[in-house]
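Fold and contact review
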Amino acid sequence: MDPTERRPSSDLPPDILSMIGGRLDNPMDILRFRSVCSPFRSSIPPLRRNTSRVAFQVPCPTSEAVFPRPSAAVFLCWSTVYALETPEGAASGPARWLLKLEELELGRVRILSLFSQGRMAFLPREFPKVLDFLQFRMVEICREYTLDYDSRTRGLVHVEGIRKVLMHPDCVGSDLDRCSVYFIDEYGQLAYWRYGDENWSHLDHPEDFVFDDIAVYNGKVCAVDYFGLVWEINESFGLQPFPTSIYGSNSNHHPDDDGKYLVVSSGDLYVVDTYYRDGANESHPFYTVNTSMDYFRVFRWDRQRRRWEEVRSLGNSAFFLCKRRSFALPACELGGCHGNCIYYAEEADSIFSMIDVKVFSLADRSIKCLDFYDSILGMMNTSRLK
C-alpha cells in the first residue's frame with residue numbers, strides 16, 4: 001500500500017480504539033467518539049444514566065468551616081468551561097461563546113454562571129436558542145470542582161465553608177488511584193485527600209498562614225498565601241516555598257487587599273493581587289472609573305531568574321477571575337472579549353442580588369461594568385438544549 005495513502009479511522013485495531021476510548025473522561029467526548037462509526041461505538045460502553053457531574057465519593061471534610069451532617073455522603077462534583085463556536089451557516093454569522101456546563105445526567109445539562117455557581121437566568125439575545133452539540137465546535141477550557149453532599153430533600157448541595165477545590169491529576173473516569181483532591185476552606189486552611197484514604201489531612205504549615213488560591217503549574221500543585229508567598233506541594237504533601245514573595249524581599253510588607261488569584265497563561269504562572277478601595281463612584285450601574293489607584297496588580301514568575309516580576313500588560317490574553325477556578329484565554333478566541341483585561345465579579349449582598357461582572361483594563365487602569373448581568377442566583381435557564 002502507498003505509505004501516503006490515508007486509511008479510514010474505522011480500520012484502527014479494536015485494542016487501539018479501546019485504549020483511546022478509555023482515556024476519554026468527558027461525557028461529551030464519549031458521545032462524539034461513539035458517534036464516529038460502528039467500530040468506535042462498540043469499542044467503549046455507553047454512558048451510564050447516573051449523575052454525570054459526580055466523580056466519586058470522598059470522606060466528609062474535617063474543618064471548622066465545614067457544616068455538612070457528619071453522616072452525610074460527600075461527593076467530588078465537577079462542571080466544565082467550554083469555548084463554543086456557532087456554525088458558519090448561522091443566520092447571524094459565526095460567533096464564539098464561553099460557557100460553563102453542568103451535566104446533570106445523560107442528555108441533561110444546564111448552563112451556569114462563569115463567576116458563581118448560580119444558573120444562568122438571562123442569555124444575550126443573539127445566543128442560539130437550541131444547542132446541537134454535534135454541530136457546534138466546543139473546546140474544553142478547564143474543569144471546576146466542588147464538594148457536594150446529599151441533602152436527601154434537595155439532592156446534591158454544595159458543602160458550606162469550602163472556597164476552592166482542586167483535583168490533580170485531572171483524571172475523572174481513569175487512573176483515579178493516582179489522584180488527590182485539595183480544598184481551601186473559608187478560613188484559608190489547606191487540606192488534601194489521596195484517593196483511597198479514609199480521612200482528609202491538613203498540610204503542615206504555620207498556624208498564621210492563610211491560603212487564597214490553588215492551581216496546577218508545570219505539573220505541580222501550587223498555592224498562594226495571604227502574604228504573597230507561593231508554595232509548591234511536593235509528592236509527600238510537603239510545602240516548598242518559592243524563593244521570594246510577589247513583593248520581593250520586603251518582609252515588612254503588610255498586604256491591604258482582598259485576595260490573590262493564581263492564573264496559568266501560555267505556560268507561565270501569574271499571581272493577580274486584588275485591591276478594592278473606596279473612591280470609585282458606583283452610583284450608576286454602568287460606569288467607568290479612571291483612577292491612579294491600583295485595583296489589580298499582576299505578577300509573573302520568571303523561571304530563569306527565579307523571581308517575581310510585576311507585569312504591565314497581558315498582551316492579547318484575558319484573565320477570568322472566577323469563584324471556583326480562574327483561567328486565561330486569548331481574547332481573539334471569544335467574541336466581544338478584550339485582551340490585556342481582567343474579568344471578574346463582585347460578590348452579591350444576598351442570594352436575590354444580581355452579580356455585577358466588571359472588566360479591569362491594564363492599559364489605562366479603568367474599570368467598566370458590562371452592560372448585562374451575568375446571572376441571578378436560583379433562577380432557571382429557559383433555553384432548550386439537546
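What you see is a predicted model, and the numbers here were worked out from it, not measured in a lab.

With that settled, the discussion passes to the confidence of the model for the protein. For the protein, mean pLDDT is 76; residues scoring 70 or higher make up 70% of the total. At the low end of the mean pLDDT range in the protein sits strand β26 (residues 384-385), at 34; at the high end sits strand β16 (residues 260-265), at 96. This stretch, residues 278-293, has a pLDDT under 50; its non-local contacts, to residues over four places away or in other chains, come to 28 contacts. Across residues 373-386, confidence stays below pLDDT 50; counting only partners more than four residues off in sequence or on other chains, it has 46 contacts.

We now examine the pairing of strand β13 (residues 220-225). With 5 of its 6 residues buried, β13 lies for the most part within the structure. Inspection of the sheet shows strand β12 (residues 211-217) paired to β13 by 6 bridges, in the antiparallel sense. Counted as the bridge partner of Asp213 is Val224 from β13. The antiparallel pairing of β12 with β13 creates a hairpin that spans 2 residues between the two strands, and Asn218 there sits at a positive phi of about 55 degrees.

On to the sheet that holds β12. Strand order in this open sheet of 4 strands is β12-β13-β14-β15, and the pairing throughout is antiparallel. Looking at which strands have only one partner, the edges of the open sheet turn out to be β12 and β15 (239-241). With strand direction ignored, the average angle separating the axes of adjacent strands in the sheet is 30 degrees. With 4 bridges connecting them, β13 and strand β14 (residues 230-233) associate as antiparallel partners. When the sheet's bridge partners are listed, Ala223 is paired in β14 with Trp231.

Where strands meet in a sheet, backbone hydrogen bonds hold them as pairs that are either parallel or antiparallel. One open sheet holds the 4 strands; their spatial order is β16-β17-β19-β20, and the pairing between them is antiparallel. Each edge of the open sheet carries a strand with a single partner, namely β16 and β20 (307-311). Strand-to-strand twist in this sheet, taken as the mean axis angle between neighbours without regard to direction, amounts to 30 degrees. In the sheet, β16 pairs with strand β17 (residues 268-274) via 6 bridges, with the strands oriented antiparallel. Bridge assignment links Ser265 to a residue of β17, and that residue is Asp268.

Another point: the side chain of Glu144. One can find Glu144 in strand β6 (residues 137-150). Look at Glu144 and you get buried, because its relative accessible area is 3%. Polar side-chain contacts of Glu144 include one of 2.8 Å to the side chain of Lys100.

Under the defined criterion, the tally for this structure stands at 12 salt bridges. Residue Asp197 is joined to Arg194 by a salt bridge in which the shortest nitrogen-to-oxygen separation is 3.3 Å. Through salt bridges with shared partners, a single ionic network connects Arg300, Arg305, Arg307 and Glu309.

The next thing to look at is the packing of aromatic side chains. The tally for this structure, following the rule as stated, stands at 17 aromatic pairs. Arranged with centres 5.2 Å apart and planes meeting at 80 degrees, the rings of Phe56 and Tyr195 form a pair that is edge-to-face. Separated by 139 residues along the polypeptide, Phe56 in strand β1 (residues 54-58) and Tyr195 in the loop between β10 (190-194) and β11 (201-202) bring together distant segments of the chain. On the accessibility criterion, Tyr195 (36% relative accessible area) is partly exposed. With a centroid separation of 5.3 Å and 75 degrees between ring planes, the pair formed by Tyr270 and Phe319 is classed as edge-to-face. Highlighted residues: Tyr270 in strand β17 and Phe319 in strand β21 (residues 317-320), separated in sequence by 49 residues. Three or more aromatic residues joined by ring pairs make a cluster, and in this case those are Phe56, Phe183, Trp193, Tyr195 and Trp200. When the ring centre of Trp78 is taken as origin, the NZ or CZ atom of Arg143, which lies over that ring, is 4.9 Å away. Lys260 extends its terminal NZ or CZ atom over the ring of Tyr226, reaching a point 5.3 Å from the ring centre.

Turning next to the nonpolar core. Membership of the largest hydrophobic core comes to 23 residues, with the highest contact counts inside it found for Phe56, Val58, Leu76, Leu147, Val165 and Trp200. Residue assignment for this core shows that the elements contributing at least two residues are β1, β2 (74-85), β6, β8 (162-168), β9 (180-185) and β10. Apart from the residues lying within four places of it in its own chain, the contact partners of Val58 are Val74, Phe75, Leu76, Leu147, Trp193 and Trp200. In terms of nonpolar packing, the next biggest core, distinct from the first, is built from 18 residues, Cys142, Ala318, Leu329 and Ala331 among them.

Judged by side-chain polarity, Leu12, Ile16, Met19 and Ile20 come together as a nonpolar surface patch covering roughly 330 Å² of accessible area. Relative to the elements of secondary structure, Leu12 occurs in the segment before α1 (14-22). A relative accessible area of 35% places Leu12 in the partly exposed class.

Definitions and limits used
- Residues numbered from 1 in each chain as written.
- Predicted model: local features only at pLDDT ≥ 70, side-chain atom pairs only at ≥ 80, totals over all residues.
- Heavy atoms only, no water.
- pLDDT = per-residue confidence, 0-100.
- Helix = DSSP H or I, 4+ residues; strand = E, 2+ residues; numbered from the N terminus.
- Contact = heavy atoms within 4.5 Å.
- Buried < 20%, exposed > 50% of the residue type's maximum accessible area, 1.4 Å probe, protein only.
- Pairing = 2+ DSSP bridges.
- Axes fitted to C-alpha atoms, helices over the stretch in contact; angles between N-to-C directions.
- Polar contact = N/O pair within 3.5 Å; in protein donor to acceptor, adjacent residues only side chain to side chain.
- Salt bridge = Lys/Arg side-chain N within 4 Å of Asp/Glu carboxyl O.
- Phe/Tyr/Trp six-rings, centres within 6.5 Å; stacked < 30°, edge-to-face > 60°.
- Lys NZ or Arg CZ within 6 Å of the ring centre and 35° of its normal.
- Core = buried A, V, L, I, M, F, W, Y, C linked by side-chain atoms within 4.5 Å.
- Patch = residues over 30% accessible without salt bridge, like charges linked within 9 Å, V, L, I, M, F, W, Y side chains within 5 Å.
- Areas by Shrake-Rupley, 256 points an atom, 1.4 Å probe, with all protein chains shown as cover.

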